[in-house]
Amino acid sequence: MSQFIATIKKINSFDSLNIVEFSFCNQTLKMMSLDLSKDVQVDKRVKLSVNPSNIIIAKDFFGEISLSNQLVATINSIENGELLSSVILNIENIYFESIITVDSSKRMNLQKGDKVTMLIKASNLSIEEILND
């Protein structure tokens, strides 16, 4: 599980659906949630998490897609297993793990030091903890 700290910028709600916007490394991330704790408020710092299998990697990406969470990252390391590859991504010394197939890793010719776009669906982000600092 990749975990990182972000600050809540905005909360949009309709019925029981919430879209929460966060500031992370001078970029905006969005999370979709059905229920929010009353402690989730604008300007609060939170620890977010995302499962490694929910982090998508795009190389030489351009164009429009529906995923709102698009972050430029640098590949720190790649470890290929029999079927899966663990790709460690770095954004301003914050590390994320993406699990992809070895076939995808080879097809994309992923190398340490490559700049890639890290994609995360809004429904795949979750708040692990509200920080009281």
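Worth saying up front: this structure is predicted, and the values here are computed from it rather than measured.

About the cut-offs
- Residues numbered from 1 in each chain as written.
- Predicted model: local features only at pLDDT ≥ 70, side-chain atom pairs only at ≥ 80, totals over all residues.
- Heavy atoms only, no water.
- Core = buried A, V, L, I, M, F, W, Y, C linked by side-chain atoms within 4.5 Å.
- Buried < 20%, exposed > 50% of the residue type's maximum accessible area, 1.4 Å probe, protein only.
- Helix = DSSP H or I, 4+ residues; strand = E, 2+ residues; numbered from the N terminus.
- Contact = heavy atoms within 4.5 Å.
- Salt bridge = Lys/Arg side-chain N within 4 Å of Asp/Glu carboxyl O.
- Patch = residues over 30% accessible without salt bridge, like charges linked within 9 Å, V, L, I, M, F, W, Y side chains within 5 Å.
- Areas by Shrake-Rupley, 256 points an atom, 1.4 Å probe, with all protein chains shown as cover.
- Pairing = 2+ DSSP bridges.
- Axes fitted to C-alpha atoms, helices over the stretch in contact; angles between N-to-C directions.
- Phe/Tyr/Trp six-rings, centres within 6.5 Å; stacked < 30°, edge-to-face > 60°.

Participant: In this structure, what is going on with the nonpolar core? I would like to understand it.
Facilitator: Nonpolar side chains tend to gather and get buried jointly when the protein is soluble and globular. Membership of the largest hydrophobic core comes to 29 residues, with the highest contact counts inside it found for Phe 22, Phe 24 and Leu 89. Elements with a minimum of two residues in this core: β1 (2-14), β2 (17-24), β3 (27-33), β4 (45-50), β6 (69-80), β7 (84-91), β8 (94-101) and β9 (115-120). Those residues in contact with Phe 22 that lie beyond four places of it in its chain are Ala 6, Thr 7, Ile 8, Lys 9, Gln 27, Thr 28, Leu 29, Met 31, Val 46, Leu 48 and Ile 127.

Participant: Before we go on, may I ask you to explain the pattern of salt bridges in this structure?
Facilitator: Any two side chains of opposite charge can pair, given that their charged atoms come close. One pass over the structure, following the stated rule, counts four salt bridges. Salt-bridge contacts for Glu 21 lead to Lys 30; the nearest nitrogen and oxygen are separated by 4.0 Å. On the accessibility criterion, Glu 21 (13% relative accessible area) is buried.

Participant: What should I look at first to understand a nonpolar patch on the surface in this one?
Facilitator: Together, Leu 17, Met 32 and Leu 34 make up an exposed nonpolar region whose accessible area comes to about 270 Å². The residue Leu 34 is located in the loop between β3 and β4 in this model. Look at Leu 34 and you get exposed, because its relative accessible area is 56%.

Participant: How do you make sense of the sheet that holds β2 when you look at a structure like this?
Facilitator: Within a sheet, each strand pairs with its neighbour through backbone hydrogen bonds, oriented either parallel or antiparallel. Spatial strand order, β3-β2-β1-β4-β10: five strands in an open sheet with antiparallel pairing. If you trace the sheet from one side to the other, it starts and ends with β3 and β10 (126-131), each paired once. Mean inter-strand twist for the sheet, computed between neighbouring axes without regard to direction, equals 40 degrees. As judged from the six bridges shared by β1 and β4, these two strands associate in the antiparallel manner. Paired with Gln 3 across the strands is Ser 49, a residue of β4.

Participant: What's the story with the packing of aromatic side chains in this structure? I'm lost.
Facilitator: The description of two aromatic rings rests on the distance between their centres and on the angle between their planes. In total, this model carries three aromatic pairs according to the counting rule given. With a centroid separation of 6.0 Å and 85 degrees between ring planes, the pair formed by Phe 24 and Phe 96 is classed as edge-to-face. Of this pair, Phe 24 sits in strand β2 while Phe 96 sits in strand β8, and the two are 72 residues apart along the sequence. This pair shows no difference in class: Phe 24 is buried, exactly as Phe 96 is.

Participant: Would you mind going over the environment of Ser 77 with me for this structure?
Facilitator: Mapping Ser 77 onto the fold places it in strand β6. Sequence separation between Ser 77 and Met 32 is 45 residues, and the spatial gap between their C-alpha atoms is 30 Å.

Participant: It is not clear to me how the environment of Arg 45 should be interpreted in this structure. Could you clarify?
Facilitator: With respect to the element layout, Arg 45 can be found in strand β4. In this structure Arg 45 comes out as partly exposed when scored by relative accessible area, which is 34%.

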